[in-house]
Amino acid sequence: MLQVCDHPLIHEEIGRLRDRACPSAEFRQRIRRVASLMLPQVTANLPTRPTSVETPLEVTAGARLQRPIVLAPILRAGIGFLDGFADLLPEASVGHIGLARNEETLQPEPYYFKVPPNLAEAEVIVLDPMLATGGSAAEAISALKKAGAVHLRFACLVAAPEGVEHLESAFPELPIFTAALDRCLNEKGYILPGLGDAGDRIFGTV
Ligand code: PRP
Ligand code: URA
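Note that the structure is predicted; figures quoted are calculated from it, not measured.

## A short note on unusual backbone geometry
Here the bond from Leu75 into Arg76 is cis, since omega is -5 degrees, no more than 30 degrees from zero. Structurally, Arg76 can be placed in the loop between β4 (69-75) and α3 (78-88). Note the cis peptide between Leu192 and Pro193, where omega equals -5 degrees. Structurally, the position occupied by Pro193 is in the loop between β13 (191-192) and α6 (198-203). Unlike most non-glycine residues, Leu106 shows phi in positive territory, near 65 degrees. Considering the arrangement of structural elements, one finds Leu106 in the loop between β6 (96-101) and β7 (108-114). With relative accessibility at 19%, the residue Leu106 sits in the buried group.

In structure tokens form, the structure reads like this:
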């Protein structure tokens, strides 16, 4: 279930992020902005429960999110995507999933996993700017499910059709959100046109 977050402000940011001349500091700011612009669509159908609230004048109906939110960035690049979500979801807990894609085999290699204890009752939003082969995202979702997560969604900045297909066939019910759906992968597993190595560009390790 793929949804492309289609908005003129998102198009503008993605275009600037793709530019190889965009320096790290600006890249971090822009990725944060795109995350915040995507958040309304990513969270649009979160269930709420009715509450009542006393205004200074009378009692009226209110609403609260039914479940706590867990933001689950895939390290490293997911960290760059986290703040734009956390800015608008300040009460969310954060679970970290450390995965490094082996550049020869393109398989994800797990190195860290630390999640909050309320995973089973939470709405878990998995964050990674890049969905390339889909191996890292699928590994993260599997690990979160094994740890008890039930309500999951995945948000990325740029997706390749190959990665979307991989995730959709592994998890047909998983909502997937992306700011851009690109053309394909190259022979090294990089997204075309893409924006290069997101982690390196965020952290200045190019
Ligand atoms: C990148 C990216 C994703 C993964 C996508 O991370 O942030 O996690 O590759 O590729 P895939 O869909 O083919 O698995 P990388 O492993 O390079 O680590 P980094 O974030 O530390 O740079
Ligand atoms: N990881 C990235 O950071 N970029 C790609 O294009 C593919 C994987």
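## Focus: helix α5 (residues 161-170)
Buried within α5 are the following residues: Gly163, Val164 and Leu167. One side of α5 holds all its buried residues, which, seen down the axis, span an arc of 100 degrees. For α5, the exposed residues lying more than 90 degrees away from the buried face are Glu165 and Ser169. Those residues of α5 that are buried are in contact with β1 (2-4), β9 (130-131), α4 (135-146), β10 (151-159) and β11 (176-181).

Cut-offs and rules
- Residues numbered from 1 in each chain as written.
- Chains lettered and ligands numbered in written order.
- Predicted model: local features only at pLDDT ≥ 70, side-chain atom pairs only at ≥ 80, totals over all residues.
- Heavy atoms only, no water.
- Helix = DSSP H or I, 4+ residues; strand = E, 2+ residues; numbered from the N terminus.
- Buried < 20%, exposed > 50% of the residue type's maximum accessible area, 1.4 Å probe, protein only.
- Arc of directions from axis to C-beta.
- Contact = heavy atoms within 4.5 Å.

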